[in-house]
Amino acid sequence: MPVPPQAPATVLADIEWRLPRHARSAGRARTLLREQAGSWHLPDALSETAELLLSELATNAYRHAKVPGREICVRATLTTDRLRISVTDASSTPPVLRNPATDEECGRGLALLSVLSDAWGAELRACGIGKTVWFELNREPQP
């Protein structure tokens, strides 16, 4: 079950990338985030987890938001205490946490999100077209 976000801390940086709804966009999103995380001097473990989870969300946006000509929007926001990544697509269908069979090759993205993120959720866009799925990772491990 998604955890509601905490009150935001001071925003240090906010960046957005618009990518085509294409299979290669998940890899491009990972590369862009890796480069940005390096410029933000984030710890490797935090960056690697963020890349994995972003890859899952970007892949879901490509596979499930089948609206021709639409983009996938990725946003990375760094605050004093956390990294928030969001992926917006043109589908209004909310994500569903599945329990795939052991022999299934897909369907584990939201399970990874539930286990590896400190908070995550999804919301419909205010304009009525599409949704945003997001996750947050604490910059420092919480006791």
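Here, the structure is the one placed above.
Residues numbered from 1 in each chain as written. Predicted model: local features only at pLDDT ≥ 70, side-chain atom pairs only at ≥ 80, totals over all residues. Heavy atoms only, no water.

(A) Quick peek at the environment of Ala 13. Among the structural elements, Ala 13 can be located in strand 1 (residues 11-20). Sequence-wise, Ala 13 and Thr 80 are 67 residues apart; in three dimensions their C-alpha atoms are separated by 9.5 Å. Apart from residues no more than four positions distant in its own chain, Ala 13 is found in contact with Trp 40, Ala 76, Thr 77 and Leu 78. (Helix = DSSP H or I, 4+ residues; strand = E, 2+ residues; numbered from the N terminus. Contact = heavy atoms within 4.5 Å.)

(B) Expanded view of helix 3 (residues 109-116). Along helix 3, the positions that sit buried rather than exposed are Gly 109, Leu 110 and Leu 113. Taken down its axis, helix 3 places every buried residue within 95° of arc, on the same side. As for helix 3, its buried residues are in contact with helix 2 (44-64), strand 4 (119-124) and strand 5 (131-138). (Buried < 20%, exposed > 50% of the residue type's maximum accessible area, 1.4 Å probe, protein only. Arc of directions from axis to C-beta.)

(C) Representation of the pattern of salt bridges in the model. Within the structure shown, the criterion is met by 10 salt bridges. Between Glu 16 and Arg 75 there is a salt bridge, with the nearest N and O atoms lying 3.0 Å from each other. Here Glu 16 is found in strand 1, whereas its partner Arg 75 is found in strand 2 (residues 71-79), with 59 residues between them in sequence. Relative accessible area serves as the criterion here: at 34%, Glu 16 is assigned to the partly exposed category. (Salt bridge = Lys/Arg side-chain N within 4 Å of Asp/Glu carboxyl O.)

(D) A look at helix 2. Relative to the 30 Å expected for 21 residues at 1.5 Å per residue, helix 2 spans 30 Å between its end C-alpha atoms, a close match to the ideal helical length. Inspection of helix 2 places Leu 46, Ser 47, Ala 50, Glu 51, Leu 53, Leu 54, Ser 55, Leu 57, Ala 58 and Ala 61 among the buried residues, and these make up the whole buried set. Its buried side turned inward, helix 2 meets helix 1 (25-39), strand 2, strand 3 (82-89), helix 3 and strand 5. (Expected span 1.5 Å × (residues − 1).)

(E) Up close: the pairing of strand 5. The buried fraction of strand 5 is high, at 8 of 8 residues. Here strand 5 shows two buried faces, one formed by Lys 131, Val 133, Phe 135 and Leu 137 and the other by Thr 132, Trp 134, Glu 136 and Asn 138. Bridging between strand 3 and strand 5 involves 8 bridges; their strand directions are antiparallel. Within strand 5, the residue paired with Ile 85 across the bridge is Phe 135. Note that strand 4 and strand 5 share 6 bridges and pair antiparallel. Pairing of Ala 119 across the sheet is with Glu 136, part of strand 5. (Pairing = 2+ DSSP bridges.)

(F) Up close: the packing of helix 2 against helix 3. It is the contact of helix 2 with helix 3, at a shortest axis distance of 9 Å, that shows an interaxial angle of 150°. By the angle class used here, helix 2 and helix 3 are roughly antiparallel. You can see that helix 2 and helix 3 cross each other, and the crossing is left-handed. Seen from helix 2, the contacting residues are Thr 49, Leu 52, Leu 53, Glu 56 and Leu 57; seen from helix 3, they are Gly 109, Leu 112, Leu 113 and Leu 116. Considered class by class, the residues forming the contact of helix 2 with helix 3 number 6 nonpolar, 2 polar and 1 charged. (Axes fitted to C-alpha atoms, helices over the stretch in contact; angles between N-to-C directions. Parallel < 35°, antiparallel > 145°, perpendicular 65-115°, else oblique. Left-handed = near helix turned anticlockwise from the far one by under 90°. Nonpolar A, V, L, I, M, F, W, Y, C, P; charged D, E, K, R; others polar.)

(G) Fine view of the sheet that holds strand 1. Pairing within the open sheet is antiparallel, and its 5 strands lie in the order 1-2-3-5-4. Among the strands making up the open sheet, the edge pair consists of strand 1 and strand 4. For this sheet, the mean inter-axis angle between neighbouring strands, taken without regard to orientation, is 15°. Helix 1 rests against strand 1, strand 2 and strand 3 of the sheet, and its axis sits at about 155° to strand 1.

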